[in-house]
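In case you want the letters, here they are:
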Amino acid sequence: MSRPRTSGAADSRCPACAAPVLTQWAGTVAALKVTVDLRPLTPAEQAAVWEPNRLTWCLYRASAHSPPRIRWLTPSHPPDCRHPHVTEHRCTPAEPSTLF
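Along every chain, residues carry numbers that run from 1 in the direction the sequence is written. In keeping with the model being predicted, local features are shown solely for residues with a pLDDT of at least 70 and side-chain atom pairs are shown and tallied solely at 80 or more, while totals for entire chains, interfaces and linings include all residues. Heavy atoms from the whole structure form the basis of all side-chain values; hydrogens and water molecules are not counted.

**Things to note about the overall build of the chain**
And step 1. A run of H or I in DSSP becomes a helix once it reaches four residues, and a run of E becomes a strand once it reaches two; helices and strands are each numbered from the N terminus. Check the secondary structure of the chain and you find 1 helix and 6 strands.
And step 2. In sequence order, the secondary structure elements of the chain are arranged as β-β-β-α-β-β-β.
And step 3. Any pair of residues with heavy atoms lying within 4.5 Å of one another is described as a contacting pair. Across the chain, every contact between residues at least 6 apart in sequence was considered, and the portion connecting residues at least 24 apart equals 47%.
And step 4. Note on areas: Shrake-Rupley, 1.4 Å probe, and residue coverage restricted to the protein chains presented here. For the chain, the computed accessible surface area is about 7700 Å², with 60% contributed by carbon and sulfur atoms.

So this is what it looks like as structure tokens:
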């Protein structure tokens, strides 16, 4: 019997739209399960997708051989951060189906 994963990364695809995503528990005190798109955002894209309830995350890597860790972009986050920044995954709306 396997233990449920309580931390770490689950790099996979969204079951609904098949986009590449990363799902992790983030935070230390009040953990939050986060699923992010793996496509890095430019600063302009970060500003365009910003919403009050949609966070932007830093994919921090301690080394080239370590897995990425999701870190929330706080106001104290360095502006010259070298890690990719991503946002919460949201599936694109499905094409409407027509029944004829």
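What follows continues from the structure just given.
**Digging into the pattern of salt bridges**
And step 1. Between Lys or Arg on one side and Asp or Glu on the other, a salt bridge is scored when a side-chain nitrogen of the former is within 4 Å of a carboxyl oxygen of the latter. By the definition in use, this model includes 3 salt bridges.
And step 2. Measuring nitrogen to oxygen at the nearest pair gives 3.3 Å for the salt bridge that ties R39 to E45.
And step 3. Taken together, the shared-partner salt bridges connect E51, E88 and R90 into one network.

**Topic: the packing of aromatic side chains**
And step 1. Ring geometry is summarised as follows: Phe, Tyr and Trp rings, the Trp one being its six-membered ring, pair when their centres sit within 6.5 Å, and such pairs are stacked at plane angles under 30 degrees, edge-to-face over 60 and tilted between the two. Under the definition given, this model contains 0 aromatic pairs.
And step 2. A ring has a charge above it when a Lys NZ or an Arg CZ is no more than 6 Å from the ring centre and no more than 35 degrees off the ring normal. The side chain of R71 reaches across the aromatic face of Y60, ending 3.7 Å from its centre.

**Topic: the nonpolar core**
And step 1. Here, the term nonpolar core denotes a set of buried Ala, Val, Leu, Ile, Met, Phe, Trp, Tyr and Cys residues that are joined through side-chain atoms within 4.5 Å. Only protein chains enter the accessibility calculation, which uses a 1.4 Å probe. A residue is then buried if its area is under 20% of the maximum for its type, exposed if over 50%, and partly exposed in between. Within the largest apolar cluster, 8 residues are counted, these being L22, A26, V34, V36, W57, L59, I70 and V86.
And step 2. Within the residue set of this core, elements represented by two or more residues are β2 (20–26), β3 (32–37) and β4 (56–60).
And step 3. Not counting chain neighbours up to four residues away, the residues in contact with L59 comprise L22, L38, P68, R69, I70, H83, P84 and V86.

**What to know about the confidence of the model for the chain**
And step 1. Confidence in the prediction of the chain, expressed as mean pLDDT, is 80, and 78% of residues score 70 or more.
And step 2. The score called pLDDT rates the predictor's confidence residue by residue, from a low of 0 to a high of 100. Ranking the helices and strands of the chain by mean pLDDT puts strand β6 (residues 85–87) first, with 94, and strand β1 (residues 9–13) last, with 69.
And step 3. Across residues 1–8, confidence stays below pLDDT 50; counting only partners more than four residues off in sequence or on other chains, it has 8 contacts.

**Focus on the environment of T87**
And step 1. Mapped onto the fold, T87 is located in strand β6.
And step 2. Reaching out from T87, the side chain makes a polar contact with the backbone oxygen of L55 at a distance of 3.0 Å. Pairs of N or O atoms are called polar contacts if they sit within 3.5 Å, as long as, within protein, a hydrogen donor faces a hydrogen acceptor (for residues adjacent in sequence, only side-chain-to-side-chain pairs).

**Considerations on the pairing of β4**
And step 1. Burial of β4 is extensive: 4 of the 5 residues sit out of reach of the surface.
And step 2. Strand pairing is assigned whenever DSSP identifies at least 2 bridges connecting the two strands. Note that β4 and β6 share 3 bridges and pair antiparallel. In the strand pairing of β6, W57 is matched with V86.
And step 3. Taken together, the 4 bridges between β4 and strand β5 (residues 69–72) define a ladder with antiparallel strand orientation. Counted as the bridge partner of L59 is I70 from β5.

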